[in-house]
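So the chains spell out like this:
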Amino acid sequence: DVTVWTEDGPVAAAGTQDLGIPPTGSREVSIDAVASGSERTAVHVEVSLGRVGAFLALREVDGADPLGLTWVAPSEPPSTLAYVPGVPRFGERVLRLLNPADQDAIASVRAVAGAGPFTPVGLEAIDVPAGQVVDVDLEPVGDEALAVEVSSTQPVVSAVRLRQTPGSGLSDIAVVGSTPALETPSASRISVADDRSSRVVITALPEEVPDGAPGPETPSPETPSPAGDETPGATSEETVAPSPQETAAPSPGQTAASTPEVTAEASPDATDDETPEPSPGDDLVELSVATTDVLVRVVADDGTTLDSNVATLALGTTETFPVDLPDDVDQAW
């Protein structure tokens with residue numbers, strides 16, 4: 001069964017339910033035909049018998065001018081807390097939210113960037129009506145690579161649409177879906193051929209907050225599915241992304257939403273009955289920020305390790321690492 005949502009709600013269309021797919025075969029469904037004239041769409045594929053893999057071929061044009069082509073992979077199921085890793089610092093970046101429920105949702109967006117998580121002005125409380133797809137311009141998040149944290153009062157689906165126009169003048173697009181934190185090794189294809197370069201974007205998730213709680217700065221009223229992308233990068237704790245938003249996109253993981261853990265060290269001798277004499281440096285408080293180590297290996301097609309490094313990240317931050325390959329190697333993992 002294929003269900004399509006747009007900015008106007010779910011679409012009822014013939015030819016989208018009880019679709020049969022032969023063994024080792026495939027079948028195509030035209031979203032253009034199902035949601036003709038819509039500006040924003042989200043697609044959910046549900047299998048009642050057997051197993052299938054579902055991907056969306058996305059081609060965008062502006063009149064006769066092509067804007068780009070990409071494959072969109074499934075993102076995480078609807079959730080009240082999600083991360084889109086591997087969101088780059090340049091180009092057009094739009095967050096797409098789907099609320100498949102029958103109750104309106106309020107979503108809050110935080111950027112998990114180099115200096116830690118923050119809520120961009122204007123993204124504290126976003127209305128996501130029941131059954132509708134909403135686009136949010138990520139211009140307020142600034143100009144650095146990051147992951148996008150989405151918390152909401154109803155389970156929603158999140159993805160970031162990216163469009164870039166490099167020096168050649170030819171536009172290209174990509175879609176990064178929300179992803180889980182990585183708890184086992186993961187691999188992404190990288191390439192440096194033809195003067196292209198690759199970077200790994202790693203996000204160490206903030207410490208955990210209760211599931212379903214809007215972000216700390218979000219008001220509290222009360223959200224299943226745009227798609228995701230494969231991005232040569234990392235997320236979650238490493239984000240392919242990812243956002244990304246990296247979010248995008250692979251590595252180990254903590255979990256989700258507030259700020260990095262910070263502890264203040266108390267004076268060991270103070271009691272209720274006595275006040276210790278002040279001493280030099282008493283106005284200084286020692287802070288320790290929780291960190292995580294991520295092993296990043298670059299591996300050739302034959303399994304040879306070309307490079308290996310351990311990156312240490314503070315929780316709730318995102319860092320970008322360039323990938324350097326030997327002169328005679330232009331692709332790796």
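Here the structure is shown first, and the text comes after it.
Just so it is clear, the model here is predicted, and its values are computed rather than measured. Residue numbers restart at each chain and count upward from 1, following the sequence in its written direction. This being a predicted model, a pLDDT of at least 70 is required before a residue's local features are given, and a value of 80 or more before pairs of side-chain atoms are given or counted; all residues contribute to the totals for chains, interfaces and linings. Computation of side-chain values covers all heavy atoms of the structure but excludes hydrogens and water.

Colleague: Any chance you could break down the pairing of strand S15 (residues 199–204) for me, citing the residues and the numbers?
Modeller: Two faces, one strand: in a regular strand the side chains alternate between the faces of the sheet. Across the six residues that make up S15, a large majority, five, are buried. Strand pairing is assigned whenever DSSP identifies at least 2 bridges connecting the two strands. Where helices and strands are cited, they refer to DSSP runs of H or I of at least four residues and of E of at least two residues respectively, numbered from the N terminus. Direction of pairing for S15 relative to strand S20 (residues 317–322): antiparallel, over a ladder of six bridges. Note on S20: the bridge partner recorded for Val-200 is Phe-321. Accessibility here uses a 1.4 Å probe with only protein chains present; expressed as a share of the type maximum, an area under 20% marks a residue as buried, one over 50% as exposed, and anything in between as partly exposed.

Colleague: Give a detailed account of unusual backbone geometry, specifying residues and quantitative values.
Modeller: With a phi angle near 55 degrees, Asp-18 is a residue other than glycine that sits in the positive phi range. Here Asp-18 is to be found in the loop between strand S2 (9–11) and helix H1 (31–34). With a phi angle near 55 degrees, Thr-24 is a residue other than glycine that sits in the positive phi range. By the secondary structure assignment, Thr-24 is in the loop between S2 and H1. Judged by its relative accessible area of 87%, Thr-24 falls in the exposed class.

Colleague: Summarise the environment of Ala-204; cite the residues concerned and give the values.
Modeller: Summarising the element assignment, Ala-204 is placed in strand S15. Taking the C-alpha atoms as reference, Ala-204 lies 9.8 Å from Ala-113; in sequence the two are 91 residues apart.

Colleague: How would you explain the nonpolar core if you had to name every residue and give the values?
Modeller: Throughout, nonpolar core names a set of buried Ala, Val, Leu, Ile, Met, Phe, Trp, Tyr and Cys residues whose side chains join them through atoms within 4.5 Å. Judged by nonpolar contacts, the single largest core of 23 residues is most densely connected at Leu-95, Val-148 and Val-160. At the level of secondary structure, the elements contributing two or more residues to this core comprise strand S6 (79–87), strand S7 (92–98), strand S8 (105–113), strand S10 (126–128), strand S11 (133–137) and strand S12 (146–164). Examining the composition of this core, we find that six residues originate from one element, S12, more than from any other.

Colleague: If you had to explain the pattern of salt bridges to someone new, which residues and values would you point to?
Modeller: Each reported salt bridge corresponds to a side-chain nitrogen of Lys or Arg within 4 Å of a carboxyl oxygen of Asp or Glu. Within the structure shown, the criterion is met by six salt bridges. Here Arg-161 and Glu-92 are joined by a salt bridge, their closest N and O atoms 2.5 Å apart. Of this pair, Arg-161 sits in strand S12 while Glu-92 sits in strand S7, placing them 69 residues apart in sequence. Each of Glu-60, Glu-92, Arg-161 and Arg-163 takes part in a single network of salt bridges with overlapping partners.

Colleague: Pulling in residues and values, what's your account of a nonpolar patch on the surface?
Modeller: On the surface, a nonpolar cluster with roughly 290 Å² of combined accessible area is contributed by Ile-21, Val-45, Val-47 and Val-52. The topology assignment puts Ile-21 in the loop between S2 and H1. For patch detection, residues must exceed 30% relative accessible area and be free of salt bridges, and they are connected within 9 Å for like charges or within 5 Å for nonpolar side chains (Val, Leu, Ile, Met, Phe, Trp, Tyr). A 1.4 Å probe and the Shrake-Rupley method give the accessible areas. Residues count as covered only by the protein chains that appear here.

Colleague: Explain the environment of Leu-295 to me, and be specific about the residues and the numbers.
Modeller: On the secondary structure map, Leu-295 appears in strand S18 (residues 291–299). Distance in space between the C-alpha atoms of Leu-295 and Val-310 is 4.5 Å, their sequence separation being 15 residues. Excluding residues within four positions of it along the chain, Leu-295 makes contact with Ser-308, Asn-309 and Val-310. A contact between two residues is defined here by any heavy atoms of the two lying within 4.5 Å.

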